[in-house]
Amino acid sequence: HLIRSLAVSGDRRVALIAGHSGHVRRLHPGGWSEGQFRIGGQHVQLIACDRLVRRIALADLSGKLWLYRTGPPLPELERTVKHPSPVLGVAFTPDGRRLVSGGADGTVRVWDTQSGEQLHVFEWHRKWVTCLAMSPDGTTVATGSEDATIAVWDMPE
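What comes next concerns the included structure. Since we're looking at a predicted model, the values are computed, not measured. (Residues numbered from 1 in each chain as written. Predicted model: local features only at pLDDT ≥ 70, side-chain atom pairs only at ≥ 80, totals over all residues. Heavy atoms only, no water.)

### Regarding the nonpolar core
In terms of nonpolar packing, the biggest core is built from 13 residues, with Leu16, Ile47, Val53, Ile56 and Leu58 touching the most fellow members. With 3 residues, the single largest contributor to this core is strand β5 (residues 44–49). (Core = buried A, V, L, I, M, F, W, Y, C linked by side-chain atoms within 4.5 Å. Buried < 20%, exposed > 50% of the residue type's maximum accessible area, 1.4 Å probe, protein only. Helix = DSSP H or I, 4+ residues; strand = E, 2+ residues; numbered from the N terminus.)

Rendered as structure tokens:
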């Protein structure tokens, strides 16, 4: 299967691989696999996890984000949220309490993972937000855009 995205836990003990077919595979050191789950046939574009892989987020080009809580035997879907445009960047704060998405509408949105509520919108880029990265302490997010700009944002309290 075509690999679309991957994420690695903060302790580097788990890697998550998302495929175009909607399958997600969990890998551990040495390359062995621990289960696979599917998100209803959607075309997964991105995957992210919090530092300890307690939460997983998947995104597709419709702007839909699936938030999962991990646990045996498989991750359990907690909720979905909808960025109003295709999502091309996604990251959790290290504590997993907030999720950040960047989209084709040029916005960067901050979501509460418990409630699914949108907490904040950063607007500055003129074109698609094509990538984003969270600082290790969760206080800053950097975004890159198709308009050839980079922005660094302080995360809201």
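The structure having been displayed, the exposition proceeds.
### Describing the pairing of strand β12 (residues 118–123)
Looking at chain direction, strand β11 (residues 107–112) and β12 are connected through 5 bridges and run antiparallel. Looking across to β12, one finds that Val110 is bridged to His120. Joining the antiparallel neighbours β11 and β12 is a turn of 5 residues, in which Gly116 adopts a positive phi near 80°. (Pairing = 2+ DSSP bridges.)

### Here's the deal with the sheet that holds β5
Read from one edge of the open sheet, 4 strands run β5-β6-β7-β8, paired in antiparallel fashion. Single-partner strands in this sheet number two, and they are β5 and β8 (76–82). For this sheet, the mean angle separating the axes of adjacent strands, direction not counted, is 20°. The sheet contact formed by strand β7 (residues 64–69) and β8 spans 6 bridges and is antiparallel. Note that in β8 the partner of Lys64 across the bridge is Lys82. (Axes fitted to C-alpha atoms, helices over the stretch in contact; angles between N-to-C directions.)

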